[in-house]
Structures are given as structure tokens and as C-alpha cells.
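# Observations on chain architecture
Here is what each chain is made of, one letter per residue.
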Amino acid sequence: MSTTCVYAGSFDPVTVGHEDIIRRAAKLCDRLLVTVMYNPAKSGCFSVNERMAMLSKVTADIPNVEVDAWNGLMVDYVKKVDADFVVRGIRGVADLESETNLAELNRRLLPGLETVFLLTRPDLACISSSAVREAALFQADLSGFVPPCIQMDVKEHFENR
């Protein structure tokens, strides 16, 4: 039996924390769909295509990972791709509360949908896409914040603003 998992987020941009969750989640399933979601509550810094390109670079060496995008409810995407479960990263108590609420909402929208929570490594818990964007805006060194293969992409994006 083959298992499909969805790891969805804005990935604006992808961080080393995201990469860690992706690599760990890929070990839990046969097929991991890393999906860039359009979130109307957030104004994206990077286009969906830029985010997908960065994710493709970051995951190029993980054979069971596919990068995708979706403009709609995650549960509709899960149904479309016939996923077995979703995975979410938890950085701390605040994430746990909001992600637990989201998991319950998703389960109400799609009965039987399971959410697997992966705890972020403690040394990566302070890293968020918004922190990376702020650091990049002021030309800080992004080593240790975004995967090495996309550091120049992020840096150049902010230099060209």
C-alpha cells in the first residue's frame, strides 16, 4: 500500500526549518507533496512560481518529494490528490494551539483526515519566513536561516527591490 502525505504552507521563503520538516516527513510516506498554498490573509513577498522553484531546488535530492501549488482549501487539495494524511510543523506552544485548531477544522471539513505534527528541532524553532524576510531586507547573512542552495535567490530578490 502506498501512502501520500501533504505538507502545505506559504513557504515565503522556504527556511531551514521547513527543509528539516520536509526531510523528516519524506521518511513517513511513499509520496510527499510539498504544496505552496495561496493564503488571502497574507501578502506574499515571493510569487508562487518563485516559491515553487526554491522548494524544487531544496528538495531536488529527495526522490519521493513533489512540489505543487494550490489556490483553495487544503482539504479540497487533499481530496484531489487522495492523500492519506497531512503533516504540520510545530515550533512552540503558540503553533501547537493554532495547528490543533486547524487540524480539528480540517477534520470537520474532511472527516477522517489525520494530521501528524512534527516538532521543530529546538535550534530551528526561532526561524520563520517573516524573520528571514526582515533579515534579508536589511542584507543580513542568511546562513543558517535558509538552505544554502537558495540563499542567493533570496538575497537577489531583496537587492532588486
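The structure we're discussing is the one just above.
Since this is a predicted model, take the numbers as computed values, not measurements.

All right, on to the overall build of the protein then. Within the protein, the regular secondary structure consists of six helices and five strands. Tracing the protein from N to C terminus, the helices and strands come up as β-α-β-α-β-α-β-α-β-α-α. Here the C-alpha atoms of the protein give a radius of gyration of 15 Å, agreeing with the 15 Å that 2.2 N^0.38 yields for 161 residues. Its C-alpha atoms put the protein at 45 × 35 × 30 Å along the principal axes. The buried share of the protein, taken over its 161 residues, is 45%. For the protein, the accessible area works out to roughly 8,700 Å², and carbon and sulfur atoms hold 54% of it. Each charge class in the protein was averaged separately, 17 positive and 22 negative side chains, and the resulting centres sit 2 Å apart.

The next thing to look at is the packing of aromatic side chains. A full pass over the atoms with the stated rule returns three aromatic pairs. With a centroid separation of 6.0 Å and 75 degrees between ring planes, the pair formed by F46 and F158 is classed as edge-to-face. Of this pair, F46 sits in the loop between β2 (31–37) and α2 (48–58) while F158 sits in helix α6 (residues 151–159); the two residues are 112 residues apart in sequence, bridging distant segments of the chain. For the pair F46 and F158, a shared accessibility class is recorded, and that class is buried. Seen in terms of ring centroids, W70 and Y77 are 5.4 Å apart; in terms of plane orientation they differ by 55 degrees. Their pairing is tilted.

Attention now goes to the pattern of salt bridges. With the rule as written, the count across this model stands at 16 salt bridges. We note a salt bridge from D12 to R133, for which the minimum N-O separation is 3.8 Å. With D12 in the loop between β1 (4–9) and α1 (16–26) and R133 in helix α5 (residues 129–137), this residue pair connects regions lying 121 residues apart in the sequence. The exposure class assigned to R133 is partly exposed, which follows from its relative accessible area of 24%. Between D20 and R121 there is a salt bridge, and its shortest N-O distance comes to 3.7 Å. Here R121 lies in the loop between β5 (114–119) and α5 and D20 lies in helix α1, a separation of 101 residues in the sequence. On the basis of relative accessibility, which here comes to 38%, the residue R121 falls in the partly exposed class.

The next point concerns the pairing of β5. Sheet analysis places strand β4 (residues 85–90) next to β5, joined by six bridges and oriented parallel. For G89, the partnering residue across the bridge sits in β5 and is L118. The β-α-β motif built from β4, the intervening helix α4 (residues 93–109) and the parallel element β5 has right-handed crossover chirality.

Of all 11 residues that make up α1, nine are buried, and the element is covered over most of its length. V16, G17, H18, E19, D20, I21, I22, A25 and A26 are the residues of α1 that are buried. Near the N-terminus of α1, the side chain that reaches the backbone nitrogen of G17, with its oxygen 3.2 Å away, is that of T15.

To continue, consider a nonpolar patch on the surface. Where nonpolar side chains cluster on the molecular surface, the patch consists of L73, L102, L105 and L109 and spans about 340 Å² of accessible area. On the secondary structure map, L105 appears in helix α4.

Attention now goes to the nonpolar core. Counting residues in hydrophobic clusters, the biggest one holds 32 residues, and the most contacted among them are I22, L32 and V154. Taken together, the elements giving at least two residues each to this core come down to β1, α1, β2, α2, β4, α5 and α6. Sorting elements by how many residues they give to this core places α1 first, with five residues. Every residue in contact with I22, bar those within four places of it in the chain, is listed here: Y7, L32, V34, L55, T59, I62 and V65. Counting 13 residues, the second largest nonpolar core, distinct from the first, contains A8, V75, L110 and L113.

About the cut-offs
Residues numbered from 1 in each chain as written. Predicted model: local features only at pLDDT ≥ 70, side-chain atom pairs only at ≥ 80, totals over all residues. Heavy atoms only, no water. Helix = DSSP H or I, 4+ residues; strand = E, 2+ residues; numbered from the N terminus. Rg over C-alpha atoms; globule rule 2.2 N^0.38 Å. Buried < 20%, exposed > 50% of the residue type's maximum accessible area, 1.4 Å probe, protein only. Areas by Shrake-Rupley, 256 points an atom, 1.4 Å probe, with all protein chains shown as cover. Lys, Arg positive; Asp, Glu negative; His and termini not counted. Charge placed at Lys NZ, Arg CZ, Asp CG, Glu CD. Phe/Tyr/Trp six-rings, centres within 6.5 Å; stacked < 30°, edge-to-face > 60°. Salt bridge = Lys/Arg side-chain N within 4 Å of Asp/Glu carboxyl O. Pairing = 2+ DSSP bridges. Right-handed = clockwise from strand over helix to strand, strands pointing away. Polar contact = N/O pair within 3.5 Å; in protein donor to acceptor, adjacent residues only side chain to side chain. Patch = residues over 30% accessible without salt bridge, like charges linked within 9 Å, V, L, I, M, F, W, Y side chains within 5 Å. Core = buried A, V, L, I, M, F, W, Y, C linked by side-chain atoms within 4.5 Å. Contact = heavy atoms within 4.5 Å.

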